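Survey of secondary and tertiary structure
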Amino acid sequence: MAVEIEMRARFDKDTHDALVERLVRDGEDLGQDNKLIHFFVLPDQLLKVTDNQSAGTAKITLKDSKIGRGAAFGETEFPIAQADVAAAVQLFGALGFEDTRHEAFNFRRNFRFRGVEIAVKWSEAWGYHAEFERLLDDGASDTDRDEAAAEIIDVAAELGVTVMTEQELADFTAAFETKEAARKAAQSAEIR
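Read on for a plain summary of the structure. (Residues numbered from 1 in each chain as written. Predicted model: local features only at pLDDT ≥ 70, side-chain atom pairs only at ≥ 80, totals over all residues. Heavy atoms only, no water.)

Another aspect to go through is the overall build of the chain. Within the chain one finds four helices and nine strands. Secondary structure elements of the chain occur, N-terminal to C-terminal, as β-α-β-β-β-β-β-α-β-β-β-α-α. Long-range pairs, those at least 24 residues apart, make up 61% of the contacts in the chain between residues at least 6 apart in sequence. Carbon and sulfur atoms make up 51% of the accessible area of the chain, which amounts to about 10300 Å² in all. Placing the 23 positive and 38 negative side-chain charges of the chain at their respective mean positions leaves the two points 4 Å apart. (Helix = DSSP H or I, 4+ residues; strand = E, 2+ residues; numbered from the N terminus. Contact = heavy atoms within 4.5 Å. Areas by Shrake-Rupley, 256 points an atom, 1.4 Å probe, with all protein chains shown as cover. Lys, Arg positive; Asp, Glu negative; His and termini not counted. Charge placed at Lys NZ, Arg CZ, Asp CG, Glu CD.)

In structure tokens:
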């Protein structure tokens with residue numbers, strides 16, 4: 001299992017456009033990476049089935065924590081055939097996770113800048129945003145994790161972006177989950 005140090009930032013379209021322009025000019029453009037993601041938000045974990053439509057690939061990922069509970073995530077992932085995405089989503093639903101499922105399409109473009117992977121994105125839930133991450137070996141020390149987090153914060157600042165605090169992330173995701181639960185309840189009531 002790898003350890004992912006991940007931080008996020010939300011911003012407006014002008015900031016998005018300026019960030020992309022700067023990364024195209026000064027970073028390494030890793031290309032378009034549009035994805036349809038099925039999230040299963042579990043009490044202490046995040047399970048994802050990702051259909052990477054730009055690359056024609058798919059994967060299942062389990063993160064050992066949720067957004068808003070620290071920047072370090074243990075992560076286990078493995079590839080699946082893109083044709084098996086629907087079956088994987090159905091399987092997790094049948095295992096009792098259907099009520100925890102959210103679906104999101106992400107328009108995204110990936111970059112590398114000063115050793116940090118940056119996904120500049122837009123989704124309906126998050127609007128314009130970016131993920132900044134460093135991937136560390138499972139045996140990374142707390143010092144390694146702290147240094148990677150500091151590097152991310154420095155890179156984001158150099159690019160004119162402020163990463164969200166853990167409290168901001170927790171508040172944002174809690175509001176999203178509450179809104180989604182209300183939407184699902186309303187849909188269920190309409191079906192009856």
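Further notes follow.
Residues Ile5, Leu19, Leu23, Ile118, Val120, Phe132 and Leu159 are the most contacted members of the largest nonpolar core, which totals 25 residues. Among the elements of the structure, β1 (2–10), α1 (13–26), β7 (101–113), β8 (116–123), β9 (127–136) and α3 (142–158) are those that each provide at least two residues to this core. The element that contributes the greatest number of residues to this core is α3, accounting for five residues. Those residues within four positions of leucine 19 in sequence are excluded, and the remaining contacts are Phe11, Val120, Ala130, Leu159 and Val161. (Core = buried A, V, L, I, M, F, W, Y, C linked by side-chain atoms within 4.5 Å. Buried < 20%, exposed > 50% of the residue type's maximum accessible area, 1.4 Å probe, protein only.)

Another aspect to go through is α1. Here α1 spans 20 Å end to end across 14 residues, near enough to the 20 Å set by a 1.5 Å rise per residue. What α1 keeps buried is the set His16, Leu19, Val20 and Leu23. Along α1, the residues classed as buried sweep out an arc of 100 degrees about the axis, all on the same side. Turned more than 90 degrees off the buried face of α1, the exposed positions are Asp14, Glu21 and Arg25. Looking at the packing, one finds that the buried side of α1 touches β2 (28–32), β7, β8 and β9. Its side-chain oxygen at 3.3 Å from the backbone nitrogen of aspartate 14, aspartate 12 defines the N-terminal cap of α1. (Expected span 1.5 Å × (residues − 1). Arc of directions from axis to C-beta. Polar contact = N/O pair within 3.5 Å; in protein donor to acceptor, adjacent residues only side chain to side chain.)

With that out of the way, let us pick up the pairing of β8. Taken across its eight residues, β8 has six buried, putting it largely inside the fold. The turn linking β7 back onto β8 is made up of two residues, and arginine 114 within it adopts a positive phi angle of 50 degrees. Strand direction decides the pairing type here: β8 and β9, joined by seven bridges, are antiparallel. Across the sheet, the residue bridging to alanine 119 is glutamate 131, located in β9. Taken together, β8 and the strand that follows it, β9, pair antiparallel across an intervening segment of three residues. (Pairing = 2+ DSSP bridges.)

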